[in-house]
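Reading the structure
Here's the letter readout for the chains.
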Amino acid sequence: MQRVDLDWKNLGFTYRKTDFNIRYTWKDGEWGDGVLSSDEYIPMHMAASCLHYGQEAFEGLKVYEQKNGDVVVFRDIENARRMIRSCEKIYMPPVPAAMFQDAIDRVVAANRRFVPPFGTGATMYVRPLMIGTGPRIGVRPADEYMFIVMVTPVGPYFKAGFKPVTLVVEELFDRAAPNGVGDVKVGGNYAAGLRASIKAKNNGFTEALYLDAKEKKYLDESGPANFFGITKDGQYVTPASSSVLPSITNMSLIQIAEDMGMQPQRRAVPVEEIFDFVDAGCCGTAAVITPVKSITWRDREVVYCADDNPGEYCTKLYNRLVNIQLGIDADVHGWIRKLTL
Ligand code: PLP
Ligand code: COI
């Protein structure tokens, strides 16, 4: 295998063309066999339900080259399960977990030369997506769908990597409603989040931190990632909310925190509690753990890392998570799946 020649250490979180994507179609009530394609475009009917009525869901996961050269994926069965929940919630036929995993194996194998080398900090980002392709002019689920998995080598989501970012509490715009679709990974949530995200950036912050849409009293999450804080007595706290996406990274950090002797709490987190935390982070596949330097709420700011260095807890959690992903620490929970290439 001759790897492509890229500046691996300096990749951003941007799209880069690779050799293949894999596509499956759902027609007459069943999934076809996947086909590898080198085409970056999708021929589609102009009345496709994804274009008009938002029948679209996606996933995000990462493939790593480990210390011993194995190419592995992290907890992809959890992404497969979440994709099923997303599909069901917006009336799309669920992608069977075995098909989801088979698609990852096939598309990564076909793009092996784009898997970033161990030790560079880069990873292969895997983006499965599902769209309603059948034409609809009335609001109804489509009768045809396409499931695609594309891959692209990436660096950190937030430009600085493992460097603290600034958040601002968003009080006007909501990302998702309490009984809406915020707890699944559908494209519309991200379109809805652009206003707050762009407002935050225009005001000099890295990202917005949402409040619960009903009472505006409790923390929800950030646009592309879950949020956690560390209390003065060293406990990991993360919001429980029906409008937050259940993050697989967060779920893993809760387990890691427990393994480290902490007693993680998933509960309603009143916004005022930001002033009691001693450390905080954003977590997600793309964000990994991004330490939070400061949070601004109305005219008040709380600073967690005055010197721009990540906090002690973020650093400990980050190292353990990444070391498991890279095969440096033991995978005691069975989170790693070696790919057949
Ligand atoms: N929250 C939102 C809105 C996201 O888009 C993501 C990314 O997937 C996350 C949280 C983190 O989830 P995960 O850790 O499963 O990637
Ligand atoms: C991910 O972390 O995989 C995501 O899908 C978040 C996205 C906004 C980049």
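All values reported here derive from a predicted model rather than from experimental measurement.

1. A word on the site of ligand 1
- In the neighbourhood of ligand 1, 16 residues make up the surrounding shell, with Tyr-190, Glu-221, Ser-247, Thr-249 and Thr-285 lying closest.
- The contact in question runs from an oxygen atom of ligand 1 to an N or O atom on the side chain of Arg-82, over 2.7 Å.
- Between an oxygen atom of ligand 1 and a side-chain N or O atom of Ser-247, the distance comes to 2.6 Å.
- Notes on ligand 1: free accessible area 380 Å², of which the protein chains cover 96%.
- Looking at the shell around ligand 1, the elements with two or more residues in it are helix H5 (248-259) and strand S15 (279-284).

2. Points about the packing of helix H2 (residues 76-89) against helix H3 (residues 97-110)
- With their axes 9 Å apart at the nearest point, H2 and H3 run at an angle of 125 degrees to one another. On the basis of the axis angle, H2 is oblique to H3. Pair H2 / H3 crosses with right-handed handedness. Taking contact as the criterion, the partners of Asp-76, Ile-77, Asn-79, Ala-80, Met-83 and Ile-84 in H2 are, on H3, Ala-97, Phe-100, Gln-101 and Ile-104.
- Tallied by class, residues from the contact of H2 with H3 come to seven nonpolar, two polar and one charged.

3. Focus: the packing of H5 against helix H6 (residues 312-325)
- Their axes nearest at 10 Å, the elements H5 and H6 cross at an angle of 110 degrees. Regarding the angle of H5 to H6, the classification is roughly perpendicular. Here H5 runs over H6; the crossing is right-handed. Contacts between H5 and H6 pair Thr-249, Ser-252, Leu-253, Ile-256 and Ala-257 from the former with Leu-317, Arg-320, Leu-321 and Ile-324 from the latter.

4. Here we look at the packing of aromatic side chains
- Counting across every chain of the model gives 13 aromatic pairs.
- Taken together, a centroid distance of 5.1 Å and an interplanar angle of 85 degrees make the contact between Tyr-157 and Phe-158 edge-to-face.
- For Tyr-157, a relative accessible area of 32% puts it in the partly exposed group.
- Look at Phe-158 and you get buried, because its relative accessible area is 7%.
- Between Phe-275 and Trp-297, the aromatic rings sit 6.3 Å apart at their centres with planes inclined by 45 degrees, giving tilted as the arrangement. On the criterion of sequence distance, the pair formed by Phe-275 in the loop between strand S14 (265-267) and S15 and Trp-297 in strand S16 (residues 288-297) is long-range, its members being 22 residues apart.
- Seen from the ring of Tyr-190, Arg-175 lies directly overhead, with NZ or CZ sitting 5.9 Å from the centre.
- Above the plane of the ring of Phe-275 lies Arg-300, whose end atom (NZ or CZ) is 3.8 Å from the centre.

5. A look at the domain arrangement of the protein chain
- What the domain assignment reports for the protein chain is domain 1 (8-154) and domain 2 (165-325).
- The interface is formed by 21 residues belonging to domain 1 together with 20 residues belonging to domain 2.
- One salt bridge connects Lys-89 with Asp-183, and the closest N-O pair in it is separated by 2.6 Å.
- Scanning the region where domain 1 abuts domain 2 turns up eleven residue pairs in polar contact (both at pLDDT 80 or more).
- For the side of domain 1 that touches domain 2, the elements supplying multiple residues, two or more each, are strand S4 (56-58), strand S5 (61-65), strand S6 (71-74) and H2.
- For the side of domain 1 that touches domain 2, the element with the most residues is H2, which contributes six residues.
- Of the residues belonging to the side of domain 1 that touches domain 2, the class tally is nine nonpolar, four polar and eight charged.

6. Some thoughts on the site of ligand 2
- Every residue lining ligand 2 is accounted for by Phe-13, Phe-58, Gly-60, Tyr-125, Arg-127, Tyr-157, Lys-185, Tyr-190, Pro-224, Thr-285 and Ala-286.
- In this structure, an oxygen atom belonging to ligand 2 sits 2.6 Å away from a side-chain N or O atom of Tyr-125.
- When the free accessible area of ligand 2 is taken as 280 Å², the share hidden by the protein chains comes to 90%.
- Here the shell around ligand 2 is built from residues that sort into seven nonpolar, two polar and two charged.
- Mapping the shell around ligand 2 onto the domain boundaries places at least three of its residues in each of domain 1 (8-154) and domain 2 (165-325).

7. Side note on the pattern of salt bridges
- Inspection of every chain in the model, using the stated rule, returns 20 salt bridges.
- Measuring nitrogen to oxygen at the nearest pair gives 2.9 Å for the salt bridge that ties Arg-112 to Glu-65. Of this pair, Arg-112 sits in the loop between H3 and strand S7 (123-132) while Glu-65 is found in strand S5, placing the two residues 47 residues apart along the sequence.
- A single salt-bridge network, built from bridges that share partners, covers Arg-3, Glu-65 and Arg-112.

Conventions adopted
Residues numbered from 1 in each chain as written. Chains lettered and ligands numbered in written order. Predicted model: local features only at pLDDT ≥ 70, side-chain atom pairs only at ≥ 80, totals over all residues. Heavy atoms only, no water. Near = heavy atom within 4 Å. Polar contact = N/O pair within 3.5 Å; in protein donor to acceptor, adjacent residues only side chain to side chain. Areas by Shrake-Rupley, 256 points an atom, 1.4 Å probe, with all protein chains shown as cover. Helix = DSSP H or I, 4+ residues; strand = E, 2+ residues; numbered from the N terminus. Axes fitted to C-alpha atoms, helices over the stretch in contact; angles between N-to-C directions. Parallel < 35°, antiparallel > 145°, perpendicular 65-115°, else oblique. Left-handed = near helix turned anticlockwise from the far one by under 90°. Contact = heavy atoms within 4.5 Å. Nonpolar A, V, L, I, M, F, W, Y, C, P; charged D, E, K, R; others polar. Phe/Tyr/Trp six-rings, centres within 6.5 Å; stacked < 30°, edge-to-face > 60°. Buried < 20%, exposed > 50% of the residue type's maximum accessible area, 1.4 Å probe, protein only. Lys NZ or Arg CZ within 6 Å of the ring centre and 35° of its normal. Domains from an automatic or database assignment. Salt bridge = Lys/Arg side-chain N within 4 Å of Asp/Glu carboxyl O.

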